[in-house]
Amino acid sequence: LMVDAAVLLRHVIELLEVESDASRHLPHALTLLHTHGLVATVLADTSDTMGVRRHEYKRHTKAWLGLVATLLRSRHPDARWVGTVLVGETAGFCGEAIFLAQLGAWVEALAMLLKRPEIPIT
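Let me sum up the structure you'll find in this document. (Residues numbered from 1 in each chain as written. Predicted model: local features only at pLDDT ≥ 70, side-chain atom pairs only at ≥ 80, totals over all residues. Heavy atoms only, no water.)

What the protein contains, in helices and strands, is six helices and zero strands. From first element to last, N terminus to C terminus, the protein shows the α and β order α-α-α-α-α-α. Intrachain contacts of the protein at a sequence separation of at least 6 include 66% that bridge at least 24 residues. As displayed, the protein offers around 7100 Å² of accessible surface, 61% of which is attributable to carbon and sulfur atoms. (Helix = DSSP H or I, 4+ residues; strand = E, 2+ residues; numbered from the N terminus. Contact = heavy atoms within 4.5 Å. Areas by Shrake-Rupley, 256 points an atom, 1.4 Å probe, with all protein chains shown as cover.)

Here we come to the environment of V68. Mapped onto the secondary structure, V68 falls in helix α4 (residues 54-72). The class for V68 is buried, based on a relative accessible area of 0%. Discounting chain neighbours no more than four positions away, the residues touching V68 are G83, L86, V87, T90 and W106. (Buried < 20%, exposed > 50% of the residue type's maximum accessible area, 1.4 Å probe, protein only.)

It is worth spelling out the nonpolar core at this point. Counting 33 residues, the largest nonpolar core has L16, L43, W64 and L86 as its most contacted members. Of all elements in the fold, only α1 (5-16), α2 (22-36), α3 (38-42), α4, α5 (77-93) and α6 (96-115) reach the threshold of two or more residues within this core. Among the elements that take part in this core, α1 stands out by supplying eight residues, more than any other. (Core = buried A, V, L, I, M, F, W, Y, C linked by side-chain atoms within 4.5 Å.)

What follows concerns α1. Taking 1.5 Å per residue as the helical rise, α1 with its 12 residues ought to reach 16 Å, and the 17 Å between its terminal C-alpha atoms agrees with that figure. Listed in full, the buried residues belonging to α1 are A5, A6, L8, L9, V12, I13, L15 and L16. Contacts made by the buried residues of α1 are with α2, α3, α4 and α5. In this structure D4 caps α1, since a side-chain oxygen of it lies 3.0 Å from the backbone nitrogen of A6. (Expected span 1.5 Å × (residues − 1). Polar contact = N/O pair within 3.5 Å; in protein donor to acceptor, adjacent residues only side chain to side chain.)

Counting across every chain of the model gives three salt bridges. Between E17 and R10 there is a salt bridge, and its shortest N-O distance comes to 3.6 Å. D21 is the salt-bridge partner of R24, the closest N and O atoms lying 3.6 Å from each other. Its relative accessible area of 58% is what places R24 among the exposed residues. When salt bridges with common partners are traced through the structure, they connect R10, E14 and E17 into a single cluster. (Salt bridge = Lys/Arg side-chain N within 4 Å of Asp/Glu carboxyl O.)

Let us look at the packing of α4 against α5. It is at 7 Å that the axes of α4 and α5 come closest, and there the two elements cross at 140 degrees. Judged on the interaxial angle alone, α5 and α4 are oblique. The way α4 lies across α5 gives a crossing that is left-handed. Of α5, the residues touching α4 (which contributes W64, L65, L67, V68, L71 and L72) are A79, R80, V82, G83, T84, L86, V87 and T90. For the contact of α4 with α5, the residue count by class is 10 nonpolar, three polar and one charged. (Axes fitted to C-alpha atoms, helices over the stretch in contact; angles between N-to-C directions. Parallel < 35°, antiparallel > 145°, perpendicular 65-115°, else oblique. Left-handed = near helix turned anticlockwise from the far one by under 90°. Nonpolar A, V, L, I, M, F, W, Y, C, P; charged D, E, K, R; others polar.)

As structure tokens, then:
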């Protein structure tokens, strides 16, 4: 059975995009990411991505990176933790061009998390 990586990655994004529920869905999302190699497949360097899928993969890459950035800056501590986990997943499997393009933003966001005291959500 052939699995469409872009469709599955979109599903994972939808699972995690509600910040208040992201941590609840993280185990299932990580299972999908690992089982199907979604980050490595879709977030490979776009120059190496094959023809027809290039535009679709670029769109999903942008959505994925946007999700990670949003979670890292969330007002929900659990969502920030999920964002931190996703930085590790993304950095470990994405293409070099994406890694280098995102590195500065990731380091900045993670450094802010280390500086920021936890304030309970009311």
